[in-house]
Structure formats: C-alpha cells, structure tokens
Amino acid sequence: GAVVSQHPSWVICKSGTSVKIECRSLDFQATTMFWYRQFPKQSLMLMATSNEGSKATYEQGVEKDKFLINHASLTLSTLTVTSAHPEDSSFYICRGGYTFGSGTRLTVV
Amino acid sequence: QKEVEQDPGPLSVPEGAIVSLNCTYSNSAFQYFMWYRQYSRKGPELLMYTYSSGNKEDGRFTAQVDKSSKYISLFIRDSQPSDSATYLCAMRLTYNTDKLIFGTGTRLQVFP
C-alpha cells in the first residue's frame with residue numbers, strides 16, 4: 001500500500017531556531033501534500049496544502065512566513081517552522097492522498 | 001454548523017463488545033467516506049473506504065453509509081484492547097479528489 005515517510009518523528013529545539021520536517025511518498029507520486037497540526041486530544045487542523053512546483057495554499061490564520069512549505073518534487077514536501085517558539089510545540093502530520101505520515105512531535109524549549 | 005459532526009467520547013467498552021462509532025454530515029454532495037484509526041502520538045491510518053451508500057465489511061470492521069440520513073457508522077465486532085484509539089471519520093466530494101473533511105474523532109477505550 002501507499003506509504004508516506006515522515007521525519008523526524010520527534011525533535012526538540014531551542015526557541016528562535018528553525019526546524020525542518022520532511023515527508024516523502026515512497027511508492028507513489030504525491031502532487032499534493034497536506035500539512036496538519038494537532039494538539040493533545042484535539043482534532044486535526046489543516047494548516048496548508050502544498051502542490052508540486054507551485055506555492056502552498058495556507059488556511060486562514062496560519063502564518064505563511066512562519067510555516068514555510070516547499071514541494072520541490074513529486075515525492076518530497078517539507079515544512080519548516082521558522083523562529084520557533086514554545087507555542088509552536090505541537091504534533092505535525094502530513095498527508096498524501098489517503099495516507100498520513102507518522103507525525104512529528106515538536107517541542108520548543 | 002460544522003460540515004461533519006462526531007461525538008468526541010470517550011467511549012469505554014469491555015473487551016468483546018460491539019462498538020458503534022458514528023458521524024453525521026450536512027453536505028449531501030459528499031460521495032466518498034472513510035474511517036481512520038489514530039493511536040496516540042501516531043499519524044492516522046486508513047481503516048475503511050466506501051463510496052456512496054451501503055455497507056462494507058473487512059474482518060471485524062463494518063462501515064455503513066446512509067446518504068438519505070447523512071449518517072455514517074463504523075462497527076467493530078469482538079472489540080479488543082488493541083482497538084483502543086481515536087477514530088476519525090472523513091469524507092470528500094466527487095470532483096475534488098484530495099480535500100478531505102474530517103470529524104473531530106471519537107476516543108475509544110476497550111478494557112480487558
């Protein structure tokens with residue numbers, strides 16, 4: 001079946017630094033990748049939609065300058081959290097097609 | 001009104017029970033319906049995928065869609081402690097193949 005590989009699964013960073021999260025579709029081409037954020041015991045919140053070769057579409061209220069999305073190839077999409085702050089600590093998950101990545105737990109200290 | 005409504009639970013049942021999880025929706029144009037299972041600190045995994053109305057069975061899981069009532073269900077037979085997770089329903093329109101609308105998820109706990 002389709003697999004989306006997401007890395008890292010867990011990252012701790014200092015406040016003010018940037019963190020990059022990668023999602024790769026291993027056995028299919030994902031022209032569109034969706035990025036979600038999830039707080040503990042809460043539902044998925046769609047942050048943005050990335051399309052290969054074009055700019056990402058961000059949901060209302062999501063800062064595009066803070067959450068940089070790049071979808072340079074049909075198998076790789078990245079989310080970079082820039083100048084991270086403790087309030088950015090969350091669980092980030094990508095989705096290609098019907099398949100989710102395994103998620104990245106970000107803790108900003 | 002949200003497009004998709006799902007009771008957050010938690011739902012706590014004994015091992016071996018039949019579990020019924022449900023979602024209602026407001027947009028009659030939804031044609032494809034999915035159920036995902038999400039374990040704690042993991043990404044959701046696709047459990048069931050159905051098109052339009054009717055039933056679909058896969059092992060202990062049965063997905064049911066009633067488009068006339070805008071109501072979908074997931075039944076789990078002979079529930080096991082390993083079924084303890086959050087279950088999310090999702091649906092999409094026919095003409096937009098990528099955008100999924102999710103319910104908020106129902107937390108299920110199956111105790112031994």
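Since the model is a prediction, treat every value here as computed from it, not as a measurement.

With respect to the pattern of salt bridges
All names here are of chain B.
Here's step 1: Scanning the entire structure with this criterion turns up five salt bridges over all chains.
Here's step 2: Note that Arg77 and Glu57 form a salt bridge whose closest N and O atoms lie 3.4 Å from each other. Here the residue Arg77 occupies a position in the loop between strand 8 (71-76) and strand 9 (85-93), and Glu57 occupies one in strand 6 (residues 54-58), the gap between them amounting to 20 residues.
Here's step 3: The exposure class of Glu57 is exposed, given its relative accessible area of 59%.

Brief notes about the state of the cysteines
Here's step 1: Scanning all chains against the criterion turns up two disulfides over all chains.
Here's step 2: Note that Cys23 of chain A is cross-linked by a disulfide to Cys94 of chain A, the S-S spacing being 1.8 Å. Its S-S torsion of approximately -90° makes the covalent link between Cys23 of chain A and Cys94 of chain A left-handed. On the criterion of sequence distance, the pair formed by Cys23 of chain A in strand 3 (residues 19-25) and Cys94 of chain A in strand 9 (residues 90-96) is long-range, its members being 71 residues apart. One exposure class covers both Cys23 of chain A and Cys94 of chain A, and it is buried.
Here's step 3: Sulfur-sulfur distance for the disulfide between Cys23 of chain B and Cys89 of chain B comes to 2.0 Å. Residues Cys23 of chain B and Cys89 of chain B share a disulfide whose torsion about the S-S bond is about -100°; that sign makes it left-handed. Of this pair, Cys23 of chain B sits in strand 3 (residues 19-25) while Cys89 of chain B sits in strand 9; the two residues are 66 residues apart in sequence, bridging distant segments of the chain.

Describing the interface of chain A and chain B
Here's step 1: Between chain A and chain B, the residue contacts involve 17 residues of the former and 19 residues of the latter.
Here's step 2: Taking both sides of the interface into account, the surface hidden between chain A and chain B amounts to around 1,400 Å²; carbon and sulfur atoms contribute 57%.
Here's step 3: On the chain A side of the interface with chain B, the three residues burying the most area are Ser43, Tyr98 and Phe100 of chain A, jointly 40% of the side's total.
Here's step 4: Applying the counting rule to chain A against chain B returns zero salt bridges.
Here's step 5: Inspection of the chain A/chain B interface yields eight residue pairs in polar contact (both at pLDDT 80 or more).
Here's step 6: For the side of chain A that touches chain B, the elements supplying multiple residues, two or more each, are strand 4 (32-38) and strand 9 of chain A.
Here's step 7: Looking at the side of chain A that touches chain B, the element that brings in the most residues is strand 4 of chain A, giving four residues.
Here's step 8: Of the residues that constitute the side of chain A that touches chain B, the class distribution is eight nonpolar, six polar and three charged.

A short note on a nonpolar patch on the surface
Residues and elements named next belong to chain A.
Here's step 1: A cluster of nonpolar residues, Trp10, Ile12 and Val109, forms a patch on the protein surface that exposes about 340 Å² of accessible area.
Here's step 2: Its place among the elements puts Val109 in the segment after strand 11 (104-108).
Here's step 3: Val109 gets classed as exposed once you look at its relative accessible area, which sits at 56%.

Things to note about the layout of surface pockets
Here's step 1: In this structure, the largest pocket occupies an estimated 570 Å³ of space.
Here's step 2: In this structure, the largest pocket is lined by 25 residues; those nearest its centre are Pro40 and Lys41 of chain A together with Ser40, Thr86 and Arg107 of chain B.
Here's step 3: Listed by contribution, the elements that provide at least two residues to the lining of the largest pocket are strand 9 and strand 11 (106-111) of chain B.
Here's step 4: Ranked by residues supplied to the lining of the largest pocket, first place goes to strand 11 of chain B with four residues.

How each quantity is defined
Residues numbered from 1 in each chain as written. Chains lettered and ligands numbered in written order. Predicted model: local features only at pLDDT ≥ 70, side-chain atom pairs only at ≥ 80, totals over all residues. Heavy atoms only, no water. Salt bridge = Lys/Arg side-chain N within 4 Å of Asp/Glu carboxyl O. Helix = DSSP H or I, 4+ residues; strand = E, 2+ residues; numbered from the N terminus. Buried < 20%, exposed > 50% of the residue type's maximum accessible area, 1.4 Å probe, protein only. Disulfide = S-S within 2.5 Å. Contact = heavy atoms within 4.5 Å. Buried area = accessible area lost by both parts, 1.4 Å probe. Polar contact = N/O pair within 3.5 Å; in protein donor to acceptor, adjacent residues only side chain to side chain. Nonpolar A, V, L, I, M, F, W, Y, C, P; charged D, E, K, R; others polar. Patch = residues over 30% accessible without salt bridge, like charges linked within 9 Å, V, L, I, M, F, W, Y side chains within 5 Å. Areas by Shrake-Rupley, 256 points an atom, 1.4 Å probe, with all protein chains shown as cover. 1 Å grid on protein atoms, 1.4 Å probe; cavity = no way out; pocket = protein on both sides within 12 Å on 5 of 7 lines; lining within 4 Å. Points joined across faces, edges and corners; volume = space filled by probe spheres on them.

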